[in-house]
Structures are given as C-alpha cells and as structure tokens.
Amino acid sequence: MTHIKIITFRKFYKLKSIALFFSMVALAALSLTSCKKEIKAGDPIALTYDQVYMVGNATSIGWSINDAIPMTPTPGNADEFTWEGPLFAGEIKFPTALSWSSDTFMSATPGQAISDDKALLALSGNPDYHWVITDAEAGNYKITLNTKESTVVFQKQ
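Figured I'd write up the structure that's included with this text. (Residues numbered from 1 in each chain as written. Predicted model: local features only at pLDDT ≥ 70, side-chain atom pairs only at ≥ 80, totals over all residues. Heavy atoms only, no water.)

**Focus on the overall build of the protein chain**
Then step 1. Each helix and strand in the protein chain was counted, giving 1 helix and 12 strands.
Then step 2. Listing each helix as α and each strand as β along the protein chain from the N terminus yields α-β-β-β-β-β-β-β-β-β-β-β-β.
Then step 3. With 157 residues in all, the protein chain has 30% of them scored as buried.
Then step 4. In the protein chain, 52% of the contacts between residues at least 6 apart in sequence involve partners at least 24 apart. (Helix = DSSP H or I, 4+ residues; strand = E, 2+ residues; numbered from the N terminus. Buried < 20%, exposed > 50% of the residue type's maximum accessible area, 1.4 Å probe, protein only. Contact = heavy atoms within 4.5 Å.)

Below, the structure is given as structure tokens:
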C-alpha cells in the first residue's frame, strides 16, 4: 500500500508541475501581447556611452591607452562629445574606455582624411582604422563626435 501512495504522490507532483509550466507559458504570452514596441529582426540596438576618449600619435599622449584624453559630454545631448586643442601630424581614433578592446569610433576606411566625417563603431576595437592628420593639417581643432550618427567632425580653429 505504501508503494501505491508514493506512485500517486509522484503523479500528483508531475501534474502540478505540468500545470505550473502551462500557467507560466500563458502568462508569458499575455505579457508579450502588452508590449508597446515591436522589435523586428535587423532593428539597430541603441548603444550609449558615458565617455569617449582620444588616442593616437596625433594627440599629446600618443598611443598610451591608459592616458587617453577624455572628451567632454555635451550638456543636453547624451550622444555628443567634444574636445578642443592641438592635433599633430599623425593618426587618431576614439575609444569608449581605457582599453584596446573597448568599443571604438574609428574612421570608416583605413587612413581616412579628417575632411571625411564618417565613423565606424568598431566593437571590441576591431577593425583598427584611424583618421590621418597631415603636416599641413596639424593645428588647433574642435572635434565633435556624435555616437548616434557615427560622425566625427574636425573643425580647424
């Protein structure tokens, strides 16, 4: 008789577990129907960054990632960062953390001129492309980086 009670208890437990499972599935389906935003395959995921830095031999710190120059967030625009100062002949890129494997705003093509404002967000820092500043272009600049639009504007002062 004890053997029958154990089997009955196990069957009851299995039925209870199955009922709980289907209740959770129904609740999940109900939750999904109340979503206000429909996400489709291929929709971009908005990435936001608290900080963007500058690094490269066109800057005063060279390629020292630990000393990368922080850009200033634009008040009221979480997608924009600026910096003003001297740039030298050389190359430059814009990491989002003090790490070579951080997401980095790179030039869209290798060796890109600073007159071209198109940027590429390189996840984990790859590919490793840089803007090139020539001897004739060296001088004081205001740089405006927009993370949402993936642009970097170099304005000579």
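Next comes the rest of the account.
**Here we look at the pattern of salt bridges**
A side chain of one charge can pair with a side chain of the opposite charge when the charged atoms of the two come close.
Then step 1. Within this structure, the stated rule accounts for 1 salt bridge.
Then step 2. One salt bridge in this structure joins K93 and D128, with 2.7 Å as the shortest N-O distance. In this pair, K93 is assigned in the loop between β5 (90–92) and β6 (94–95) and D128 in the loop between β9 (119–122) and β10 (131–133), connecting sequence segments 35 residues apart.
Then step 3. When its relative accessible area of 6% is taken as the criterion, K93 is described as buried.
Then step 4. Looking at D128, the relative accessible area reads 42%, which means it is partly exposed. (Salt bridge = Lys/Arg side-chain N within 4 Å of Asp/Glu carboxyl O.)

**Examining the packing of aromatic side chains**
Then step 1. If you walk through the whole model with that rule in mind, you get 6 aromatic pairs.
Then step 2. Between Y49 and F105, the ring centres sit 5.9 Å apart and the planes meet at 85°, which makes this aromatic pair edge-to-face. With a gap of 56 residues between them, Y49 in the loop between α1 (2–33) and β1 (53–54) and F105 in strand β7 (residues 104–107) connect regions that are remote in the sequence. As far as the burial class goes, Y49 and F105 line up, both buried.
Then step 3. Ring plane angle 85° and centroid distance 6.5 Å describe the contact between Y141 and F154, whose orientation is recorded as edge-to-face. (Phe/Tyr/Trp six-rings, centres within 6.5 Å; stacked < 30°, edge-to-face > 60°.)

**A word on the sheet that holds strand β8 (residues 112–113)**
Then step 1. The strand order across the open sheet formed by 3 strands is β5-β10-β8, and the pairing between neighbours is mixed. Each having just a single partner strand, β5 and β8 make up the two edges of the open sheet.
Then step 2. Taken together, the 2 bridges between β8 and β10 define a ladder with parallel strand orientation. By the bridge assignment for β10, A113 is matched with V132. (Pairing = 2+ DSSP bridges.)

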